[in-house]
Amino acid sequence: MMQTTGNIEIASFKSYLSTCVNTICKVYRAKEVILNLSPAKKLIGFIEYGNAKVIKTDMDGNTVIIKELKKYDIFSNLFFDSFEDDIYIMSSEETRVIFIDYYDTIKNCNRGCSYHNSMIFTLFELLIRDYKQQNEKIELLSKRCVRDKIMFFLRQRMNEDNVFYVTTSYTAIAEYIAVDRSNFMRELKKLEKEGQIKKENKEIKILD
């Protein structure tokens, strides 16, 4: 999810969107598809209120939640390739979304306002950050065994000293990597016993 700084960035320029580009607002009921590959237009959306999920369905019909979206989060089908028609965004509850057309943002502003370039720069920074997070989650969930998921998660977040600081609960981490908590803790103990990691208080050091 986007951090507080991202929320501030969204909130600060959201009110100016209508001065530079055309916006469309839509309210979705719970479990309605908000966006998928099918629209001919490449759209960028903001969650004004409510919650939604980015969902991936594999060829066997199994579904995985890639990401949770909440107020001020940003999303787009810009990066949905033709072979990824199994990725879609669905509302979890009543959700209001502000949409803008991607091509509307990159064309010159016919009002000649100085804000337009700043808006584009901020917008694409947020989109790229969101895309990287989504790709990381897809790669994480593609790991077949619990051990591989844990090690991938730790390596993505360790510092230059190979240390990962646990800032949340182990239950939250297990949920994020889509693993049962008991299996997660069992595998974590095995990794420590085998000398691949070292746990101390809220730190996990990768040794291999």
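Throughout what follows, the structure given in this document is the object of discussion. (Residues numbered from 1 in each chain as written. Predicted model: local features only at pLDDT ≥ 70, side-chain atom pairs only at ≥ 80, totals over all residues. Heavy atoms only, no water.)

**A look at unusual backbone geometry**
Although it is not a glycine, Tyr-72 adopts a positive phi angle of roughly 75°. Relative to the helices and strands, Tyr-72 is located in the loop between β5 (63-69) and β6 (74-76). Look at Ala-178: it is not a glycine, yet its phi comes out positive at around 60°. Locating Ala-178 in the fold gives a position in the loop between α6 (170-176) and α7 (181-193). (Helix = DSSP H or I, 4+ residues; strand = E, 2+ residues; numbered from the N terminus.)

**Observations concerning α7**
Here α7 spans 18 Å end to end across 13 residues, near enough to the 18 Å set by a 1.5 Å rise per residue. Regarding α7, the residues found buried are Phe-184, Met-185, Glu-187, Leu-188 and Leu-191. Buried residues of α7, seen end-on, are gathered within an arc of 165° and therefore sit on one face of the element. Exposed side of α7, more than 90 degrees from the buried face: Lys-189 and Lys-193 are the residues found there. Looking at the buried residues of α7, the elements they touch are α5 (146-157), α6 and β10 (197-200). Downstream of α7 by a residue or two, Gly-195 has a phi angle that is positive, lying close to 80°. (Expected span 1.5 Å × (residues − 1). Buried < 20%, exposed > 50% of the residue type's maximum accessible area, 1.4 Å probe, protein only. Arc of directions from axis to C-beta. Contact = heavy atoms within 4.5 Å.)

**Overview of the side chain of Ser-91**
Along the chain, the position of Ser-91 falls in strand β7 (residues 87-91). Under the relative-accessibility criterion, Ser-91 is labelled buried at 2%. A distance of 2.4 Å separates the side chain of Ser-91 from the backbone oxygen of Arg-29, its partner in a polar contact. Residues in contact with Ser-91, not counting those within four places in the same chain, are Tyr-28, Arg-29, Ala-30, Lys-31, Glu-32, Ile-34, Asn-51 and Ala-52. (Polar contact = N/O pair within 3.5 Å; in protein donor to acceptor, adjacent residues only side chain to side chain.)

**Looking at the environment of Glu-94**
Structurally, the position occupied by Glu-94 is in the loop between β7 and β8 (95-101). Placed 45 residues apart in sequence, Glu-94 and Tyr-49 show a C-alpha to C-alpha distance of 8.1 Å. Ignoring sequence-local partners within four residues, the contact set of Glu-94 consists of Val-27, Tyr-28, Arg-29, Ala-30, Tyr-49 and Gly-50. Polar side-chain contacts of Glu-94 include one of 3.2 Å to the side chain of Tyr-49.

**Re the pattern of salt bridges**
According to the stated counting rule, one finds four salt bridges in the structure shown. Arg-147 is paired through a salt bridge with Glu-194; the nearest N and O atoms lie 2.7 Å apart. Placement of the pair is Arg-147 in helix α5 and Glu-194 in the loop between α7 and β10, with a sequence separation of 47 residues. On the basis of relative accessible area, Glu-194 is assigned to the partly exposed category, the value being 47%. Through salt bridges with shared partners, a single ionic network connects Arg-147, Glu-187 and Glu-194. (Salt bridge = Lys/Arg side-chain N within 4 Å of Asp/Glu carboxyl O.)

Distances and angles like these do not, on their own, reveal function.
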